[in-house]
Amino acid sequence: MARINDNFQKLPGNYLFSEIARRVAAYRTENPDRELILLGIGDVTRPLPAAVVAAMHRAADEMGQVSTFRGYGPEQGYDFLRETIAQHDFAARGIKIRADEIFISDGAKSDCGNIVDIFAQDNRVAVCDPVYPVYVDTNVMSGRAGEYDPATGKWSNLCYMPCTRENHFIPEVLQKPVDLVYLCFPNNPTGAVATREQLAAWVNYANACGAIILFDAAYEAYITDPAIPHSIYEIPGAETCAIEFRSFSKTAGFTGARCAYTMIPEALVRDGAHLRDLWNRRQCTKFNGVPYVTQMGAAAVYSPEGAQQVRENLDYYRKNAVCIRNGLLAAGLAAFGGENSPYIWVRTPDGMPSWDFFDLLLKQANVVTTPGAGFGPSGEGYIRLTAFGDAEKTAQAVERIRSIL
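The structure displayed is predicted, hence computed values, not measured ones.

### Side note on the nonpolar core
Stage number 1. Counting residues in hydrophobic clusters, the biggest one holds 79 residues, and the most contacted among them are I85, L183, I213, Y233, F248 and F254.
Stage number 2. In this structure I85 touches F90, I102, I104, F248, Y261 and Y302, once residues within four positions along its chain are discounted.
Stage number 3. Grouped together as the second largest cluster of nonpolar side chains are 29 residues, F119, W155, I243 and L268 included.

### Details of the layout of surface pockets
Stage number 1. Empty space within the largest pocket amounts to approximately 790 Å³.
Stage number 2. Lining the largest pocket we find 30 residues, and of these P12, N14, L16, D137 and G374 sit closest to its centre.
Stage number 3. Of all the elements, helix α6 (residues 133–141) adds the most residues to the lining of the largest pocket, at six residues.
Stage number 4. Split into classes, the residues belonging to the lining of the largest pocket amount to 17 nonpolar, nine polar and four charged.

### Focus: the sheet that holds strand β9 (residues 242–247)
Stage number 1. In space, the seven strands of this open sheet follow the order β2-β10-β9-β8-β7-β3-β6, with mixed pairing throughout. Strands at the two margins of the open sheet, each flanked by one partner only, are β2 (102–105) and β6 (158–162). Going from strand to strand, the sheet's axes swing by 20 degrees on average, the running direction of each strand aside.
Stage number 2. Sheet analysis places β2 next to strand β10 (residues 260–263), joined by four bridges and oriented antiparallel. Looking across to β10, one finds that I102 is bridged to M263.
Stage number 3. Packed on one face of the sheet, helix α4 (residues 79–90) meets β2, β9 and β10 and runs near 115 degrees to β2.

### A closer look at helix α7 (residues 196–209)
Stage number 1. Between its first and last C-alpha, α7 extends 20 Å over 14 residues, near the 20 Å set by a 1.5 Å rise per residue.
Stage number 2. Residues L199, W202, V203, Y205 and A206 constitute the buried set of α7. End-on, the buried residues of α7 take up no more than an arc of 160 degrees, which puts them together on one face. Facing away from the buried side of α7 by over 90 degrees, the exposed positions are E197, N204 and A208.
Stage number 3. Check the buried side of α7 and you find it contacts β6, β7 (180–184), β8 (212–216) and β11 (269–270).
Stage number 4. Backbone geometry just after α7 places G210 at a positive phi near 80 degrees.

### A few points about the packing of aromatic side chains
Stage number 1. The tally for this structure, following the rule as stated, stands at 21 aromatic pairs.
Stage number 2. Between Y222 and F388 the ring centres are 6.0 Å apart and the planes differ by 75 degrees, which places this aromatic pair in the edge-to-face class. Of this pair, Y222 sits in the loop between β8 and β9 while F388 is found in the loop between β17 (382–386) and α13 (391–404), placing the two residues 166 residues apart along the sequence.
Stage number 3. Here F388 falls in the buried class, since its relative accessible area comes to 1%.
Stage number 4. Ring centres 6.1 Å apart and planes at 85 degrees place the aromatic pair Y343 and F388 in the edge-to-face group. Of this pair, Y343 sits in strand β14 (residues 343–347) while F388 sits in the loop between β17 and α13, and the two are 45 residues apart along the sequence. With respect to class, Y343 is no different from F388; both count as buried.
Stage number 5. Here the aromatic cluster, defined as three or more aromatic residues joined through ring pairs, consists of F17, F169, F336, W345, F375 and Y382.
Stage number 6. The ring of Y292 has R70 lying over it, and the distance from NZ or CZ to the ring centre is 4.1 Å.
Stage number 7. Cation over ring: R82 sits above F103, and NZ or CZ is 5.6 Å from the ring centre.

### Looking at the sheet that holds β17
Stage number 1. If you walk across this open sheet you meet the four strands as β13-β14-β17-β16, and the pairing is antiparallel. Each of the sheet's edge strands pairs with one partner strand only, and the pair in question is β13 (335–337) and β16 (370–371).
Stage number 2. Taken together, the three bridges between β13 and β14 define a ladder with antiparallel strand orientation. Looking at the pairing, F336 lines up with W345 of β14.

### Regarding the pairing of strand β3 (residues 125–129)
Stage number 1. Within β3, five of the five residues are buried, leaving the element largely enclosed by the surrounding structure.
Stage number 2. Going residue by residue along β3, you find V125, V127 and D129 tucked away on one face and A126 and C128 tucked away on the opposite face as well.
Stage number 3. Note: β3 against β6, five bridges, orientation parallel. In the strand pairing of β6, V125 is matched with L158.

### Re the pattern of salt bridges
Note on pairing: side chains with opposite charge can pair once their charged atoms come close.
Stage number 1. Counted by the stated rule, this structure contains 23 salt bridges.
Stage number 2. Its salt-bridge partner being R23, residue D359 comes within 3.1 Å of it at the nearest N-O pair. Here D359, found in helix α12 (residues 354–365), pairs with R23, found in helix α2 (residues 16–30); they are 336 residues apart in sequence, far enough to count as distant.
Stage number 3. One salt bridge connects D117 with K286, and the closest N-O pair in it is separated by 3.1 Å. You can see D117 sitting in the loop between α5 (108–114) and β3 and its partner K286 sitting in helix α9 (residues 275–286), a full 169 residues away along the chain.
Stage number 4. For D117, a relative accessible area of 39% translates into the label partly exposed.

### What to know about empty space enclosed by the protein
Stage number 1. Applying the stated criterion to the full structure yields three cavities of 30 Å³ or more.
Stage number 2. By volume, the largest cavity amounts to about 40 Å³.
Stage number 3. Residue lining of the largest cavity: F185, P186, A194, L199, F215, I223, I228 and P229, and that is the complete set.
Stage number 4. Residues that form the lining of the largest cavity fall into these classes: eight nonpolar, no polar and no charged.

Conventions we followed
- Residues numbered from 1 in each chain as written.
- Predicted model: local features only at pLDDT ≥ 70, side-chain atom pairs only at ≥ 80, totals over all residues.
- Heavy atoms only, no water.
- Core = buried A, V, L, I, M, F, W, Y, C linked by side-chain atoms within 4.5 Å.
- Buried < 20%, exposed > 50% of the residue type's maximum accessible area, 1.4 Å probe, protein only.
- Contact = heavy atoms within 4.5 Å.
- 1 Å grid on protein atoms, 1.4 Å probe; cavity = no way out; pocket = protein on both sides within 12 Å on 5 of 7 lines; lining within 4 Å.
- Points joined across faces, edges and corners; volume = space filled by probe spheres on them.
- Helix = DSSP H or I, 4+ residues; strand = E, 2+ residues; numbered from the N terminus.
- Nonpolar A, V, L, I, M, F, W, Y, C, P; charged D, E, K, R; others polar.
- Pairing = 2+ DSSP bridges.
- Axes fitted to C-alpha atoms, helices over the stretch in contact; angles between N-to-C directions.
- Expected span 1.5 Å × (residues − 1).
- Arc of directions from axis to C-beta.
- Phe/Tyr/Trp six-rings, centres within 6.5 Å; stacked < 30°, edge-to-face > 60°.
- Lys NZ or Arg CZ within 6 Å of the ring centre and 35° of its normal.
- Salt bridge = Lys/Arg side-chain N within 4 Å of Asp/Glu carboxyl O.

Distances and angles like these do not, on their own, reveal function.
Right, here's the structure in full:
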């Protein structure tokens, strides 16, 4: 008889955003006349930039002609996109990342989850707390997390790095060696950003003990402070200890189109193996590449017209973030993030449990948020709001929340 992967059975309950969707659907069924405003799941609402759509149309037309039709593309991504990313995202910032160190994929979420394939099962893993659930759940699925303790909300084999108000939601460098360290800046869910000095401390730590930093930079486009690094590779020495993940989803509205990219420098070597080559082997075996039409759209993001249109969308969401942050601060809530980040991390009133506050806002204000408890033990007592909604509805949601407090 076939046996299942028992690690899937260890996962407690639903995936966070599936549980939110379940509660929202149940409320809508019971209250069909109520208009909900969604500030929970970080899905964009602005349409794809016109330059991206035009490029996709041209690419689709090419696919309809014998002379320009394309079948399977390279698993690593087309050279035209890899080279464009290397030039605009890295060389323009003085970072030496080559096109052949860039891998195009269908999402940063996919890559953050799949990257564990190339690491041994007994690697020691450190995660921020609160944490994006994918980092934890994929290590559970691969048998690396140990056993779950419902009393603490922690997995026995994972090292949790508290990110709290007291340390400004930035994890302190560990005093013991681990093998894999997940870092996400600008952070999901807290909206915190790390300084050059703070990232340098982590790079020094990783190089000293042989750890690998898995650096999620999916929200780097929201950084406006020139002192804040956009890439881990702005830090000297990162090329020998870090893998970076980026995405077009929250930058250019590709949540429905699906396109992202992961950087693994050739200099990153462990156990005598180049991690770039291991990832390439993994992708060639398990992945057939991102569609040509999508990659042509992604390349258009870097055109003069595309870049301007992307900036306009980013500014739209940034204004939403300011609206949420300032509105909730004015309402007497402790609010963090929203600066250099599309996420606002809000303390619940009077120590209310985060799922209780989620339900209160859903049922009384008709606003959907994300409960902090879903991001780990240190997330309890907070909720996360996103700036990706419609501007008018975002302002309305803030007023609804203020009215019930």
